[in-house]
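Coordinate analysis (summary)
Listed below are the residues making up each chain.
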Amino acid sequence: MHADQEDAFTTPREFGPASIGPDDRRYLDLVSGFNRRWQAAPEHIRLVGSTEQVVRAVQEAVDTGKRLSIRSGGHSYGDFTYHKDVDIIVDLGMMNDISYDPHRKAFAVQSGAQLGEIYERLFRGWGVTLPGGVCPSVGIGGHATGGGHGLLSRQFGYVCDLIEAVEIVVVDRHRKARTVIASRKDTGDLRDLWWSCSGGGGGSFGVITKFWFRSRDASGHRPERQLPQPPREVLIGTVFASWDQLDQAAFTHLVRNQCQWYIDHSEPGSPGEALCGLLFLQHVSSGGIGLLTQVDAAAPDAEKLLESYLGAVTANTGLTGPFPSRRLPWLASTVTIDTSNPTVETNATLRAAIKHAFLRQSFTDEQCATMYRQLTRRDYLNTPPGSALIQLGAMAGGRMNAPAPSDTALFQRRSACVALFETFWTEPAEDDRHLAWLRELYGEVFASTGGYPVPGDRYQGCNINAPDLDILDPAHNTSGVPWHTFYFGENYPRLQRTKARWDPTDAFRHSMSVKAA
């Protein structure tokens, strides 16, 4: 074998780029993502393997007047990537390198890397992690820019709190694509760009090709000291109850107990920050409700903390223990727990809708009555089991509340818990039926504030990683409050200034992208 032939087999080569048009066998798998409600028909998908290829793809779109969108993991609940007017999709899925950068003393993660592989690589290689979500196929690009939270976030904060720097392809006022790096240590316009990418959502300012992650209080040079070290073991507790065990009074106690526990343990440094519990209030067609709890097994009196929590949440509900729990290695539990509903997650025809709310106070008895009535309706059915539900739990509070609301673009730093209203289905002909149920449920729960959780004493709006396009429609959002107030609060004007500075031609836009003032 000649030397050049041998090199072809042994020397790693940069991927791509690949331009995938409608005649390519890969096209149909790349014009839609996790949520099949949204599908695009672009002229082509540009699969890229390097930042330089991203620059060329963006410049091509700008020069030809084509509208582009960006895909990291394809997990958006909105039409941000798969929009009917998109001409070119820049797909970052092949850019998934994960490494330690000794110069920045931070972990470099390309934007196409998915959470499952990030957790595996970081933990196996260095014993560290990011406190991100539980669905392994979510891409880090959109997840981190929108905040990013999971079962460890009460202990370690949002993923966006760990962003040290971003490498991002932008388009200037001369319509020239170029790469810049913006970091936490920068000042002026560059710091604004870093700040905006840390909680301001993806797709508004450019194409982030790489993140560097490092804890704000990290010191020294050792990689294992630069990011949070996850628990060695966790305690996993489970509770299940069928609907015939819960009347309206018991249901109300269950919901209010769950909210109140997190209100009482929402401050940073609370002993309860080592615990994260998720209550799954599934529609009656699924059979019942479930409660999943994870506790750092090394936390002081971890077993008592779990027992106390389960006792508090089930008080006056008629549900009695003992409740089963298991002790598992952290990584083993992380790769098996998927709270985004694995029953339907893997379905290639999945369609989904989600509505979100940050809570500062507990739901009222009247709101609980609405939830109970809607969840026990026999005229609305959804299959498979677990496809229609309210997820109520601890994706807020603790260390997530440590930064000030203006420290990053994510302003929801005074919340206690989160409510997710979700429904999943598979048939396009059923869209109206499932959307009608979800809209009615959510709109009635927040009827006193115009159908949405207006930021204030009771609520703190919604998360951009759970986009709900209904909020743009005054027929559904009757609050009179603009959509961006729910997602970005008083941080929106700074995001607008960043948009005007770094994307003056609005090359990067979608249904809920930041609009320049």
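So, a few notes on the structure that sits alongside this text. Since the structure is predicted, the reported quantities are computational estimates derived from the model, not experimental observations.

Moving on, we get to the environment of L359. Note that L359 resides in strand 14 (residues 351-359). Spatially, the C-alpha atoms of L359 and C259 are 8.3 Å apart, while their sequence positions differ by 100 residues. Excluding residues within four positions of it along the chain, L359 makes contact with C259, L392, S415, A416, C417, A419, R458 and Y459.

Here we come to the pattern of salt bridges. The full count for this structure, using the stated rule, is 25 salt bridges. Residues D161 and R413 are paired through a salt bridge, measuring 2.6 Å at the closest nitrogen-oxygen approach. Of the two residues, D161 sits in the loop between helix 6 (153-156) and strand 7 (163-171) while R413 sits in the loop between strand 15 (388-393) and strand 16 (417-425), which places them 252 residues apart along the sequence. Classification of D161 as buried rests on a relative accessible area of 6%. With a relative accessible area of 0%, R413 lands in the buried category. For D189, the salt bridge is made with R501, and the minimal N-O distance between the two is 2.8 Å. One end of the pair, D189, is in helix 7 (residues 188-197); the other, R501, is in helix 15 (residues 492-502), and 312 residues separate them in sequence. Using a relative accessible area of 37% as the deciding quantity, one classes D189 as partly exposed. Given a relative accessible area of 37%, R501 falls into the partly exposed group.

With that settled, the discussion passes to the environment of Q361. Relative to the helices and strands, Q361 resides in the loop between strand 14 and helix 12 (365-375). When its relative accessible area of 32% is taken as the criterion, Q361 is described as partly exposed. On a C-alpha basis, the gap between Q361 and F156 in space is 23 Å, while along the polypeptide they are 205 residues apart. In this structure, Q361 is in contact with I263, D457 and R458, ignoring residues within four places of it in sequence. At a separation of 3.2 Å, a polar atom in the side chain of Q361 contacts the main-chain carbonyl oxygen of D457. At 3.1 Å, the side chain of Q361 forms a polar contact with the side chain of R458.

Definitions and cut-offs
Residues numbered from 1 in each chain as written. Predicted model: local features only at pLDDT ≥ 70, side-chain atom pairs only at ≥ 80, totals over all residues. Heavy atoms only, no water. Helix = DSSP H or I, 4+ residues; strand = E, 2+ residues; numbered from the N terminus. Contact = heavy atoms within 4.5 Å. Salt bridge = Lys/Arg side-chain N within 4 Å of Asp/Glu carboxyl O. Buried < 20%, exposed > 50% of the residue type's maximum accessible area, 1.4 Å probe, protein only. Polar contact = N/O pair within 3.5 Å; in protein donor to acceptor, adjacent residues only side chain to side chain.

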